[in-house]
Amino acid sequence: MINALTVEAKNSPEFLERLLRVCRHRGFTIQSINAEVNNTLQTTQINLTVFSERDITLLTKQIEKVVGVIEITLLQQPENIKVSA
Amino acid sequence: MNGAHFVVQALKEQNVTQVFGYPGGAIMPLYDALYDGGVDHLLCRHEQGAAMAAIGYARSTGKVGVCIATSGPGATNLITGLADALLDSIPVIAITGQVPTHLIGTDAFQEVDVLGLSLACTKHSFMVQTAEELGSVIEQAFEIATTGRPGPVLIDIPKDIQVGPSVTHALAKLIKTENTLNSAAIDQAKNMISLSQKPLIYVGGGVGMASAVNELRNLIAATEIPSVCTLKAIGCIKHDSPYFMGMVGMHGSKASNLAIQECDLLIAIGARFDDRVTGKLDEFAPNAKVIHLDVDAAEIDKLRQVTLSMTDDLKQVLPAITIKPNIEQWQQHVAAMKVEHECRYDHPGEPIFAPALLRQLAQTMPADTVICSDVGQHQMWVAQHMFVDRPENHISSSGLGTMGFGVPAAVGAQVARPNDTVIAVSGDGSFMMNVQELGTIKRRKLPVKILLIDNQRLGMVRQWQKLFFNGRYSETILTDNPDFVTLASAFDIPGETIVAKSQIDQALQRLLNSDGPYLLHVSISEEENVWPLVPPGAPNDRMMESIE
Ligand SMILES: Cc1ncc(C[n+]2csc(CCOP(=O)(O)OP(=O)(O)O)c2C)c(N)n1
Ligand SMILES: [Mg+2]
C-alpha cells in the first residue's frame, strides 16, 4: 500500500535523518519526498509517500514519538485524518 | 564558569551524585571540572562498562544513570550500552565529548559522527551547537529520558563549548498536566473483566518503570485474577502470590504458557508482546480478547490487535479498572497447573545442579539483595529459580540480551545501593566480555559478589546447536578458559571454586558473609540445559521439556 503523509516538525539539522531512519527501520520505503523549511516559524514540512505491506499506523505512531514532531497528517485516506495535534 | 563547569552544575541541579565514565581528549574539560568535586565520578575500565554501570545504577534505584565518554572510540564504545538501555526503556544520560565545532566534518582526530550513530540506539540525542543552548539541552535530556516511556538520551558536546564561557540559564518550570482517564474505556475494561471466565494478567517491565508495583499488587489482591510476567517484570508480583505462575515465554514456566493459551481475556500491563514472550504470534493466546495498557501508544496494535487499549499512567489506570470477576473454576484450574508443573530440584549425583544452587542462594541471601544477571543459560536459571520481590532487585539485560552486562550492572547497583548485597550471576562466556570491570571493583573497593556458573561453554548457543544444529558445536567450547579464581585474585578479589553439591552450603556462606568482593566459581556440567523451551516458530504450548 502507498500512503501519503505530511510531517511538520521543529526545524533541526538532523530531523530529516531521524525521519528517514524511522521509515526504513519500520519497513516503509519512500516513494517520493519533499522537505521545506519555514524560517519564520522555524519549522520544517516534509511531504512523503511511502510504500509498505504494513499498516500505516505502525509508522505514524513511531513518527509521533520523534522529538520535535508537531503534526502528522495522513493524506491518502477517505478524508484527511489528523493523527496528532 | 566555563561550559564544562556549567555541565557539572547542571548535573547537580538534576540531583545527579554519581557518574560513570572514561576520560579522553575531547572530554578533558569536563573531567577537569569534575576534578573540583561535587559529583562523584567512577572510572570504569571500558566505556561499555560505564554505560552498563549507569544502567545498573538506574535500574536498582529508579533514578537516572549518567555515563561519560570522549569522542570517537569513547563514544562508539558506549553504543552497546545505549542500545541495551533503549530496548529495556532505561533512563540513562550519555555525555560525549566531540571535536571542536570548527573541526566537525573534517575527519578530525577521533571524530565520529556520534549524533548519526546515536539515532538507532537512543530515545533522543542532541549535539550542542552553542553555549546558549547547553542548559536547555541538559534539561530537555533529563525530561525526555524520564517521561513517558523512559530511555537513553545522548548529549554530544564539542570541546570548544566545554572550554568557552557558559551562559546562565533559568530552569524552565515544567508544567505537569493532570490527565483524566477516559471513563468509557474504564467501564468497558471493567465490563470485559467481569464478563470473562478465564482472565489473565500479563505483566511487563512497564509496571516497574511506571512505579506502579503497588497499584498492580492491589489490583491482583483485590481481583484474584491469575497472572504471569515477562523477564523484565520479575519482582513486580510477589513470588508467592496465590495465582501467580511466574515467567511466560520461551523459557517461561509451563503453567504460565498454558494459562496464556487458555485464557479468554488477556490484560497486558506495560508489556509489548515481544517475540520471546509470544512464540508464534498468530497462535499466542488464541482465545483471548486483549486489553492493552501501556504508556507508549506505538506499542498498541504493533504486534497483537487488541480490543481495548489505554495509554494513561498505570498508577491511575490500575486502581480504576479493579473489579472482581467470578472465576473460581479458572483459579482452581490455574492453581492445579501450577502445582502439576512445579520445578523439581532433585538431581542425581555429586555434580552441582545450577537451578538448585540458585534456589538455595535466593533462600539464604539477605532481603533486598540485588541480582544482576549476565546473558545465557545462567540468566534463564536465575529468572526461573531465584525469587525476587522488587523489580529493582532483578537486573537482567532483557530486550537486547547483552553478554557482559552482569558485572558492570552490578558495579552500578552497588554504587547506588552501598548498603545492600549485590550479586552478579555470570557465565564463563559473559564474564570475559567485561572482565576489565574487576578493575573498577578493585579501585572503588566495591563489595560486589560474583557467582560465576562455569560450564566451559557458550551454553545457550550450545543448547541450540544440540537441539537444532545436529550437535555441531561450532565455536562454543571454552575448555581453554582462564583460571577464574587466579584472574580475580589479580584484582585483589578473593574466591574459590566448587565442583560438588556437598561444597555448596559453606561456599554460599563465604560468598554472602565476605565484607568485600568475592568470586564463587561454580563448575557445572556442560550437558545441563534450560527447560522448558519453546522452539523457535512454535506456539507456546508446544514446549520441549528435555532433549528428545
Ligand atoms: C554480546 C553478545 N554476543 C553474543 C551473544 C549470543 N549469546 C547468547 S547466550 C551466549 C552464551 C553465553 O555463554 P555464558 O556466558 O557462558 O552463559 P551460559 O549460557 O553458558 O550459561 C551467546 C554467545 C549475546 N547474547 N551477546
Ligand atoms: Mg557458559
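Residues numbered from 1 in each chain as written. Chains lettered and ligands numbered in written order. Predicted model: local features only at pLDDT ≥ 70, side-chain atom pairs only at ≥ 80, totals over all residues. Heavy atoms only, no water.

**Points about the coordination of the magnesium ion (ligand 2)**
By definition of the ideal shapes, a tetrahedral metal site with four donors has angles of 109.5 degrees and an octahedral site with six donors has angles of 90 or 180 degrees.
Residue and element names in this part refer to chain B.
Piece 1. Within the first shell, the magnesium ion (ligand 2) binds the protein through Asp428 (OD), Asn455 (OD1) and Arg457 (O), at distances of 2.1 to 2.2 Å.
Piece 2. Every donor residue of the magnesium ion (ligand 2) comes from the same chain, spaced as D-x26-N-x1-R. Taken together, the residues Asp428 in helix 18 (residues 428-431) and Asn455 in the loop between strand 16 (449-454) and helix 20 (459-468) connect sequence positions 27 residues apart.
Piece 3. Using a relative accessible area of 1% as the deciding quantity, one classes Asp428 as buried. (Donors = N, O, S within 2.8 Å, 3.2 Å for Na, K, Ca; no water. Helix = DSSP H or I, 4+ residues; strand = E, 2+ residues; numbered from the N terminus. Buried < 20%, exposed > 50% of the residue type's maximum accessible area, 1.4 Å probe, protein only.)

**Points about the domain arrangement of chain B**
Residues and elements named next belong to chain B.
Piece 1. Split by domain assignment, chain B resolves into domain 1 (3-163), domain 2 (183-340) and domain 3 (354-523).
Piece 2. With centres defined by C-alpha atoms, the gap from domain 2 to domain 3 works out at 31 Å.
Piece 3. Counting residues at the interface gives 16 residues for domain 2, matched by 15 residues for domain 3.
Piece 4. Taking both partners together, domain 2 and domain 3 bury about 1300 Å²; carbon and sulfur atoms supply 64% of that area. (Domains from an automatic or database assignment. Contact = heavy atoms within 4.5 Å. Buried area = accessible area lost by both parts, 1.4 Å probe.)

**Quick word on the environment of Asp389(B)**
Residue and element names in this part refer to chain B.
Piece 1. One can find Asp389 in the loop between helix 16 (377-385) and strand 14 (394-396).
Piece 2. With 353 residues separating them in the primary sequence, Asp389 and Asp36 have C-alpha atoms 40 Å apart.
Piece 3. The residues contacting Asp389, other than those within four sequence positions of it, are Arg217, Gly235, Ile237, Lys238 and His239.
Piece 4. A distance of 2.9 Å separates a polar atom in the side chain of Asp389 from the backbone nitrogen of His239. (Polar contact = N/O pair within 3.5 Å; in protein donor to acceptor, adjacent residues only side chain to side chain.)

**As for the nonpolar core**
All names here are of chain B.
Piece 1. Of all hydrophobic cores here, the largest spans 91 residues; its most connected members are Leu216, Leu266, Ile269, Leu293 and Leu451.
Piece 2. Looking at which domains feed residues into this core, each of domain 2 (183-340) and domain 3 (354-523) gives three or more.
Piece 3. Those residues in contact with Ile269, other than ones at most four positions away along the chain, are Ile201, Tyr202, Val203, Gly204, Val207, Leu216, Leu219, Leu293, Leu314 and Leu318. (Core = buried A, V, L, I, M, F, W, Y, C linked by side-chain atoms within 4.5 Å.)

**Some words on the interface of chain B and chain A**
Piece 1. With 15 residues of chain B at the contact, the number on the chain A side is 10 residues.
Piece 2. Approximately 1100 Å² of surface area, both sides summed, lies buried where chain B meets chain A, with 56% of it carried by carbon and sulfur atoms.
Piece 3. By the criterion of area lost to chain A, the three top residues of chain B are Leu119(B), His124(B) and Ala298(B), representing 44% of everything that side buries.
Piece 4. Summed over the shared surface of chain B and chain A, the result is 1 salt bridge.
Piece 5. Ionic pairing is found between Asp296(B) and Lys65(A), a salt bridge with its closest N-O pair at 2.6 Å.
Piece 6. Between the two partners, chain B and chain A, sit 5 residue pairs in polar contact (both at pLDDT 80 or more).
Piece 7. Split by residue class, the side of chain B that touches chain A holds 7 nonpolar, 4 polar and 4 charged. (Salt bridge = Lys/Arg side-chain N within 4 Å of Asp/Glu carboxyl O. Nonpolar A, V, L, I, M, F, W, Y, C, P; charged D, E, K, R; others polar.)

**Regarding the site of ligand 1**
Residues and elements named next belong to chain B.
Piece 1. Ligand 1 sits among 17 residues. The nearest are Gln377, Gly401, Gly429, Ser430 and Gly459.
Piece 2. Between ligand 1 and the protein, one listed contact pairs an oxygen atom with a backbone N or O atom of Gly429 at 2.8 Å.
Piece 3. Contact distances for ligand 1 include 2.8 Å between an oxygen atom and a backbone N or O atom of Gly459.
Piece 4. If ligand 1 stood free it would expose 590 Å²; the protein chains cover 76% of that surface. (Near = heavy atom within 4 Å. Areas by Shrake-Rupley, 256 points an atom, 1.4 Å probe, with all protein chains shown as cover.)

**Notes on the pattern of salt bridges**
Residue and element names in this part refer to chain B.
Piece 1. Under the definition given, this model contains 22 salt bridges over all chains.
Piece 2. For Arg149, the salt bridge identified is with Glu299, shortest N-O distance 2.7 Å. A residue pair is termed long-range when its members are at least 10 positions apart, and Arg149 in the loop between helix 6 (131-146) and strand 6 (153-158) and Glu299 in the loop between strand 11 (289-293) and strand 12 (308-310) qualify at 150 residues.
Piece 3. Close ionic contact of Arg272 with Asp274 constitutes a salt bridge, the shortest N to O distance being 3.5 Å.

**Some thoughts on helix 20 of chain B**
Residue and element names in this part refer to chain B.
Piece 1. Within helix 20, burial applies to Gly459, Arg462, Gln463, Gln465 and Leu467.
Piece 2. Packing partners of the buried residues in helix 20 comprise helix 16.
Piece 3. Immediately beyond the C-terminal end of helix 20, within one or two residues, lies Asn470, with a positive phi of roughly 55 degrees.

**Observations regarding the side chain of Gln162(B)**
Residues and elements named next belong to chain B.
Piece 1. Of note, Gln162 is situated in helix 7 (residues 159-163).
Piece 2. Engagement of the side chain of Gln162 in a polar contact is seen with the backbone nitrogen of Leu30, the distance being 3.3 Å.
Piece 3. For Gln162, the residues in contact, after removing those within four places along its chain, are Asn2, Gly3, Ala4, Ala26, Ile27, Pro29, Leu30, Gly97, Gln98 and Ile157.

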